[in-house]
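Observations on chain architecture
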Amino acid sequence: MTQMEEINYLLGFKNMHIIQRTDMFTFSLDTVLLANFCSITKDVKEIVDFGTNNAAIPLLLSRRTKKHITGIEIQKEAVEVANKSVAINKLENQISIVHADIKDYAENHKSSVKMIVCNPPFFKVDEESNVNDNEYLRIARHEIAINLEGIIKAASQMLSFGGKFAMVHRPDRMIEILDFMKKYDLEPKRIRFVYPKPHKDANVFLIESVYKGNTGLKIEQPLYAHNEDGSYTDEVLKYLGDQDD
């Protein structure tokens with residue numbers, strides 16, 4: 001453990017911990033919502049998490065399923081932290097962390113899985129002033145190592161027929177996402193908009209697509225993160241840890 005590393009409880013889950021580095025990207029509610037949104041069906045043998053960072057999504061998914069989970073991460077230091085998080089929870093038999101570029105990994109694992117999830121960098125690199133000075137945060141938040149099209153293309157390459165790709169993103173990039181999914185034979189099937197509070201605009205949306213799936217898109221009920229008083233809604237609380245009886 002380095003001085004910058006901290007062991008935290010994984011949200012409110014009893015007996016689960018996650019290691020986070022104070023100078024690296026820390027997971028947010030977006031990550032939690034994606035881990036609970038994706039469909040884990042019987043035909044899924046392995047789930048792949050693109051850009052796993054400190055393995056928050058694999059750890060959260062391990063609460064839902066016993067299927068094998070592989071996290072792909074390009075930053076060597078993040079891979080080291082992720083492996084420590086996996087080890088401290090004794091999940092080495094279920095979760096594997098791979099140090100690789102998503103684009104290269106997808107090229108070498110075509111048509112190999114039925115489920116991919118991704119909480120990607122949200123921001124384009126339009127202007128130098130928009131890019132974080134911290135290298136770890138820069139790669140996590142901005143499309144430097146891979147852009148939106150690259151992520152969607154990689155998912156299309158790796159998915160076998162009928163496989164699912166789920167991601168979380170900002171509504172202002174939804175049209176781009178839909179266009180790229182269509183381009184790479186990923187048929188959008190489910191969308192859910194997330195609102196910080198009732199009467200506020202959506203600030204996040206969740207989307208799941210099917211590789212070479214039939215047309216037919218379902219817009220699911222809105223998800224409200226907070227009540228008017230700022231407390232978490234009952235639905236979000238279910239995702240944040242073990243509930244007391």
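The notes below deal with the structure included here. In this text the structure is predicted, and so the values were computed from the model without any measurement.

1. Some thoughts on unusual backbone geometry
Despite not being glycine, Lys-90 shows a phi value in the positive range, around 55°. Among the structural elements, Lys-90 can be located in the loop between helix H3 (76-88) and strand S5 (95-99). The backbone of Lys-212 shows a phi angle near 55°, a positive value even though the residue is not glycine. Within the fold, Lys-212 resides in the loop between strand S9 (204-211) and strand S10 (218-219). With a relative accessible area of 41%, Lys-212 lands in the partly exposed category.

2. A look at the side chain of Ser-39
Inspection of the secondary structure assignment puts Ser-39 in the loop between helix H1 (29-37) and strand S3 (46-50). Assessed through its relative accessible area of 19%, Ser-39 is described here as buried. Among the polar contacts listed, one links the side chain of Ser-39 to the side chain of Arg-190, at a separation of 3.0 Å. The residues touching Ser-39, leaving out its near neighbours within four places in the chain, are Met-115, Lys-164, Arg-190 and Glu-208.

Thresholds, definitions, all that
- Residues numbered from 1 in each chain as written.
- Predicted model: local features only at pLDDT ≥ 70, side-chain atom pairs only at ≥ 80, totals over all residues.
- Heavy atoms only, no water.
- Helix = DSSP H or I, 4+ residues; strand = E, 2+ residues; numbered from the N terminus.
- Buried < 20%, exposed > 50% of the residue type's maximum accessible area, 1.4 Å probe, protein only.
- Polar contact = N/O pair within 3.5 Å; in protein donor to acceptor, adjacent residues only side chain to side chain.
- Contact = heavy atoms within 4.5 Å.

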